[in-house]
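# Breakdown of the fold
Below are the chains, spelled out letter by letter.
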Protein chains: 4
Amino acid sequence: MASDWALVFFCSFTQVAKPPCAVCHTLAHAEAGGAVGPVLDELKPDAARVAKAMRNGIGAMPSYSAVLSAEQIDTVAFYVSTVSGR
Amino acid sequence: MASDWALVFFCSFTQVAKPPCAVCHTLAHAEAGGAVGPVLDELKPDAARVAKAMRNGIGAMPSYSAVLSAEQIDTVAFYVSTVSGR
Amino acid sequence: MASDWALVFFCSFTQVAKPPCAVCHTLAHAEAGGAVGPVLDELKPDAARVAKAMRNGIGAMPSYSAVLSAEQIDTVAFYVSTVSGR
Amino acid sequence: MASDWALVFFCSFTQVAKPPCAVCHTLAHAEAGGAVGPVLDELKPDAARVAKAMRNGIGAMPSYSAVLSAEQIDTVAFYVSTVSGR
């Protein structure tokens, strides 16, 4: 977790979002092994797909619009889309 | 926790350092209420003092030199020295 | 300019704000030597004072409300107030 | 340039590296239109390739090992590899 920007991504995924993404999703880059929702390393969603799911919720996943700013949602979306499956 | 740089400070203090600073210290800005070590909001240490304690350990507090990089220690030191007591 | 958060502060002060703060102000931490406005290392303003000047403008200094987000103004204000005069 | 982490990437590419990457390379995400070296939006290099070129230099491009830390080189490499061609 050397760089600060990497820390921003990591903490957004594992701690800042409530409930944390890591509770339900697997994403190796974030050392996350949640087994409730889709495995992000397999789904490899693009940023627009992640952001839409976070804004509106999808299936059992709640909307994060009241929890995170639009900018924070974009941060998570950029992060997930760039590191998933690597 | 609007800005990313603020998130870097917050996460460094509450999560990245192991054990986390917040477990033992009180620092209102970090929503930390630990009661084991000195209350940082009262001690108001400067950055050099924080960094020295983190590098070498002091009293019951362990050294963080094996856990954090020199740069990460400086980040925590800058953070604590600028927000303590505000 | 080791840490990313320090880079955020430095670039906000010297490049992102238009016109850049560094053109008019002296702030040693940002390697800025502007001689048009007050020397920030001497003025040592608190964050609220910096933010107010940036939002509303003051004297010959223009408002930055149309150029920077509220969050970016807070970033510059935090930065200037914590490093000025050190 | 809303997020701080995006600012870190942008400033690293356009200002911190000396000479700046943007002087020689085109990368739309960084608003960079240099025409000396390869167009990064077409080359779409992965992070390892960018980091290697920056560490060792390649052709007319100098090594950045004396200018940037290993961590800063990794930051630029991650940035270029994730935004090129988008």
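A brief look at the structure comes next. (Residues numbered from 1 in each chain as written. Chains lettered and ligands numbered in written order. Predicted model: local features only at pLDDT ≥ 70, side-chain atom pairs only at ≥ 80, totals over all residues. Heavy atoms only, no water.)

Attention shifts here to the nonpolar core. Ranked by size, the top nonpolar core spans 110 residues in total, and within it Phe13(A), Phe13(B), Phe13(C) and Phe13(D) carry the most contacts. Setting aside residues up to four positions removed in sequence, Phe13(B) forms contacts with Pro20(B), Cys21(B), Ala22(B), His25(B), Leu27(B), Ala30(B), Ala32(B), Leu40(B), Val76(B), Tyr79(B) and Val80(B). (Core = buried A, V, L, I, M, F, W, Y, C linked by side-chain atoms within 4.5 Å. Buried < 20%, exposed > 50% of the residue type's maximum accessible area, 1.4 Å probe, protein only. Contact = heavy atoms within 4.5 Å.)

This next bit is on the relation of the copies chain C and chain D. Mapping chain C onto chain D is achieved by rotating through 180° and translating by 0.0 Å along the same axis, at an RMSD of 0.0 Å. Such a combination of turn and shift is consistent with a two-fold rotation axis. When each C-alpha of chain C is compared by its distance to the rotation axis, Val8(C) comes out closest, at 3.1 Å. Mapped onto chain D, 100% of the interface residues of chain C are again interface residues, and the two copies thus contact each other with one and the same surface. (Least-squares fit on C-alpha atoms with pLDDT ≥ 70 in both.)

Before going further, it helps to examine the interface of chain A and chain D. Each partner contributes residues to the interface: chain A has eleven residues there, and chain D has twelve residues. Together, the buried faces of chain A and chain D total about 1100 Å²; carbon and sulfur atoms form 64% of this surface. Between chain A and chain D we count zero salt bridges in total. Taken together, the connections running from chain A to chain D amount to two residue pairs in polar contact (both at pLDDT 80 or more). Within the residue set of the side of chain A that touches chain D, elements represented by two or more residues are helix H1 (4-16) and helix H5 (70-83) of chain A. (Buried area = accessible area lost by both parts, 1.4 Å probe. Salt bridge = Lys/Arg side-chain N within 4 Å of Asp/Glu carboxyl O. Polar contact = N/O pair within 3.5 Å; in protein donor to acceptor, adjacent residues only side chain to side chain. Helix = DSSP H or I, 4+ residues; strand = E, 2+ residues; numbered from the N terminus.)

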